[in-house]
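In case you want the letters, here they are:
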Amino acid sequence: MIWTSDCDQFLRQLSDRQQGILNSWLSTIPTMENFNIGNFRDTFENTLKFQEQVMTSSLEFQALVARLSIETQKQFWESYFNILRNR
């Protein structure tokens, strides 16, 4: 079914983007210059909280997409069987 293929492709692209964000964050850590050691812990905590929020939102979005996908498939198949029964 084309719709499931599109959904799979969308989820793969979403996963690739998440990996890209993570790689981007990791690539900036060793190149940080002139950072204040005193503020490092606060900055680290704030960055960690932000990353956690982004990942939590992303996972919630993926769960929503999965639920919508299942609900759409359920409605499709219910309609299919109802049409066949009413012929």
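Model, not experiment: these values are computed from the prediction.

How each quantity is defined
- Residues numbered from 1 in each chain as written.
- Predicted model: local features only at pLDDT ≥ 70, side-chain atom pairs only at ≥ 80, totals over all residues.
- Heavy atoms only, no water.
- Helix = DSSP H or I, 4+ residues; strand = E, 2+ residues; numbered from the N terminus.
- Buried < 20%, exposed > 50% of the residue type's maximum accessible area, 1.4 Å probe, protein only.
- Areas by Shrake-Rupley, 256 points an atom, 1.4 Å probe, with all protein chains shown as cover.
- Phe/Tyr/Trp six-rings, centres within 6.5 Å; stacked < 30°, edge-to-face > 60°.
- Patch = residues over 30% accessible without salt bridge, like charges linked within 9 Å, V, L, I, M, F, W, Y side chains within 5 Å.
- Salt bridge = Lys/Arg side-chain N within 4 Å of Asp/Glu carboxyl O.
- Contact = heavy atoms within 4.5 Å.

Caption draft 1: Expanded view of the overall build of the protein chain. Counting its regular elements, the protein chain contains two helices and zero strands. For the protein chain, the proportion of its 87 residues judged to be buried stands at 9%. Accessible surface for the protein chain amounts to roughly 7,600 Å². Of this, 57% is attributable to carbon and sulfur atoms.

Caption draft 2: Focus on the packing of aromatic side chains. For the structure on display, the rule yields four aromatic pairs. Where F76 meets W77, the ring centres are 5.0 Å apart and the plane angle is 80°; that geometry is what we call edge-to-face. Between W77 and F81, the aromatic rings sit 6.1 Å apart at their centres with planes inclined by 35°, giving tilted as the arrangement. Here W77 and its partner F81 are both found in helix 2 (residues 37-85), four residues apart, which amounts to about one turn of the helix.

Caption draft 3: Summary view of a nonpolar patch on the surface. Where nonpolar side chains cluster on the molecular surface, the patch consists of F10, L11, F61, L64 and L68 and spans about 410 Å² of accessible area. Residue contributions to the nonpolar patch peak at three residues, all from helix 2. According to the relative accessible area criterion, L11 is partly exposed, its value standing at 31%.

Caption draft 4: Structural context of the environment of C7. Topologically, C7 is positioned in helix 1 (residues 2-28). Residues C7 and S69, spaced 62 residues apart in sequence, show a C-alpha to C-alpha distance of 7.8 Å. Setting aside chain neighbours within four positions, we find C7 in contact with V65 and S69.

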